[in-house]
Amino acid sequence: KNGNIWITLSRQDHRAVCEFEDDGPGISDTIQQRVFERFQSDRKADCTADRTCIGLGLAIVQNIIQVHRGTIQAGRGLKASGALFTIRFPVHVRNN
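Residues numbered from 1 in each chain as written. Predicted model: local features only at pLDDT ≥ 70, side-chain atom pairs only at ≥ 80, totals over all residues. Heavy atoms only, no water.

Undergrad: Honestly, the environment of asparagine 63 in this entry has me stumped. Any pointers?
TA: Structurally, asparagine 63 can be placed in helix 1 (residues 57-67). Considered as a pair, asparagine 63 and phenylalanine 36 are 27 residues apart in the sequence and their alpha carbons are 9.2 Å apart. (Helix = DSSP H or I, 4+ residues; strand = E, 2+ residues; numbered from the N terminus.)

Undergrad: Before we go on, may I ask you to explain the sheet that holds strand 3 (residues 71-76) in this structure?
TA: The strands making up a sheet associate through backbone hydrogen bonding, with each pair oriented either parallel or antiparallel. Strand order in the open sheet formed by four strands is 1-2-4-3, and the pairing between neighbours is antiparallel. Lying at the two open borders of the sheet, with one neighbouring strand each, are strand 1 (5-12) and strand 3. In this sheet, adjacent strand axes meet at a mean angle of 15° when their direction is disregarded. The pairing of strand 1 with strand 2 (residues 15-22) spans eight bridges and is antiparallel. Paired with leucine 9 across the two strands is cysteine 18, which belongs to strand 2. On the sheet, helix 1 packs against strand 3 and strand 4 (83-90) and is oriented at approximately 140° with respect to strand 3. (Pairing = 2+ DSSP bridges. Axes fitted to C-alpha atoms, helices over the stretch in contact; angles between N-to-C directions. Contact = heavy atoms within 4.5 Å.)

Undergrad: Any chance you could explain the environment of proline 25 here in plain terms?
TA: Turning to its location among the elements, proline 25 is positioned in the loop between strand 2 and helix 1. Between the C-alpha atoms of proline 25 and arginine 76, which are 51 residues apart in sequence, the distance is 9.8 Å.

Undergrad: Would you mind showing me how to read the pairing of strand 4 here?
TA: The side chains of a regular strand alternate, residue by residue, between the two faces of the sheet. Bridge analysis of strand 2 against strand 4 gives seven bridges, and the strand direction is antiparallel. Residue pairing across strands places alanine 16 opposite phenylalanine 89, the latter belonging to strand 4. Relative to strand 4, strand 3 is paired through six bridges, and the arrangement is antiparallel. Of the residues in strand 4, the one forming a bridge with arginine 76 is alanine 83.

The values reported here are purely geometric and, on their own, carry no functional implication.
Next comes the structure, spelled out in structure tokens:
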């Protein structure tokens, strides 16, 4: 709530790269390798009757990205102590 998000777009070789970084609590080291698995979440304490946290969101995101031949990685933020998600998609260049 009332945090910051930084979005960076770039091109590296033949890939479009999009980085999403925030200044939230980040992703704990214990779950970082499993964050894209279904039903994984370290935000259970933040869940309420109005806000469910079942751990499916990032698994769905990863599946959508993979269908488009992309990749997603999670890590620690560089600007702040929050999370950093890096998404890469192949770029196809047409020669006219």
